[in-house]
Amino acid sequence: MAYETILVETRGRVGLITLNRPKALNALNSQVLEEVVAAAEAFDANARIGAIVLTGSQKAFAAGADIKEMQAKSYVEAYMEDFFSGWEHFTRVRKPVIAAVAGYALGGGCELAMMCDFIIAADNAKFGQPEITLGVMPGMGGSQRLTRFVGKSKAMEMCLTGRMMEAEEAERCGLVSRVVPAGELIEEALEVAGKIAEFSLPAVMMTKEAVNRAYETTLAEGLRFERRVFHSMFALDDQKEGMAAFTEKRSAQFRNR
Ligand code: HXC
């Protein structure tokens, strides 16, 4: 597929998707949605890929949903087309997806980063849910996911004031896993993704599924799910190989990569 709003590359076993609408600070219009979902699904289906990195530019990961595209929509149009529900396809990608965020991650941009499995931020990253300044509220998960990431008080403040949060605060409150110098962001994210892609892919995917369960169910159900999946891993060749490699003091050669 020929993409117009994103760049798609493969680096070893890592799929790299770069949002590329520089004139609009990577604002997320319907074409971006279609292309990001298509590229992520293609990597998910590609047996040679073990992890995916989603990034933007140094100035903006994404400055939000495309305000110019949506401003004239009526309620009926928004409802009937189930506006922005297409991003749910992105959240169904089963391989790990890392967001590498530099610059602005605002509104839908912050929400898209939060749909990824974890966020590595450049030291110039700025996160925010400024929808309130436009007379609306987050519509791609911000009111729910931000609250789960950073807790009610900070999420409420961010959504009600629209203020931006710098990378350091984002790390302190658990929105991002870590902060790196802006110039090293992509290489760092690719290295982390590359490391994940060396492990047993079924083990990686099951681990992602289990951590995500923590957000969707009770502790008792989540623990039950974890234990069942953990038990099932003893059916993997890679479990035998990983544990044999440890006892034989050599590095594991996982077959299911
Ligand atoms: C459309 C956008 C845009 C957006 C920036 N641009 N953000 N276009 N939608 N979300 C465009 C500008 O119109 C401008 O185009 C160009 O990108 C450069 O932006 P500037 O504003 O000139 O840059 P700068 O002065 O550096 O300011 C950067 C900024 C500002 C602070 C990020 O652009 C900004 O506040 N953007 C809007 C952020 C926002 O409110 N996001 C939430 C959107 S709502 P021209 O043609 O003038 O050069 C949302 C809802 C999600 O995301 C849920 C939906 C269901």
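Residues numbered from 1 in each chain as written. Predicted model: local features only at pLDDT ≥ 70, side-chain atom pairs only at ≥ 80, totals over all residues. Heavy atoms only, no water.

Within an unreviewed UniProt entry, the label attached to the chain reads Enoyl-CoA hydratase, and the organism entered is Chelativorans salis. Heading Sequence similarities (unreviewed entry) of the UniProt record for the chain holds this comment: "Belongs to the enoyl-CoA hydratase/isomerase family." (UniProt positions renumbered as here; feature names shortened; annotations may be inferred.)

It is worth spelling out the nonpolar core at this point. Of all hydrophobic cores here, the largest spans 47 residues; its most connected members are L19, F61, W87, F90, L112, F127 and L175. Broken down by element, the residue count for this core peaks at seven residues, all from helix α1 (residues 30-45). Those residues in contact with L112, other than ones at most four positions away along the chain, are L19, L28, L54, F61, W87, F90 and M140. One finds A51, I98, L185 and V192 within the second-largest nonpolar core, a separate group that totals 18 residues. (Core = buried A, V, L, I, M, F, W, Y, C linked by side-chain atoms within 4.5 Å. Buried < 20%, exposed > 50% of the residue type's maximum accessible area, 1.4 Å probe, protein only. Helix = DSSP H or I, 4+ residues; strand = E, 2+ residues; numbered from the N terminus. Contact = heavy atoms within 4.5 Å.)

The next thing to look at is the site of the ligand. Close contacts around the ligand come from 23 residues, with K59, A63, A65, K68 and G108 the closest. Here K59 contributes a side-chain N or O atom positioned 2.7 Å from an oxygen atom of the ligand. One nitrogen or oxygen atom from the side chain of K68 is found 2.8 Å from an oxygen atom belonging to the ligand. When isolated, the ligand has an accessible area of 1,000 Å², and the protein chains bury 66% of it. Looking at the shell around the ligand, the elements with two or more residues in it are α2 (67-70), β6 (104-106) and α5 (108-115). Counting residues per element, the shell around the ligand draws most heavily on α2, at three residues. (Near = heavy atom within 4 Å. Polar contact = N/O pair within 3.5 Å; in protein donor to acceptor, adjacent residues only side chain to side chain. Areas by Shrake-Rupley, 256 points an atom, 1.4 Å probe, with all protein chains shown as cover.)

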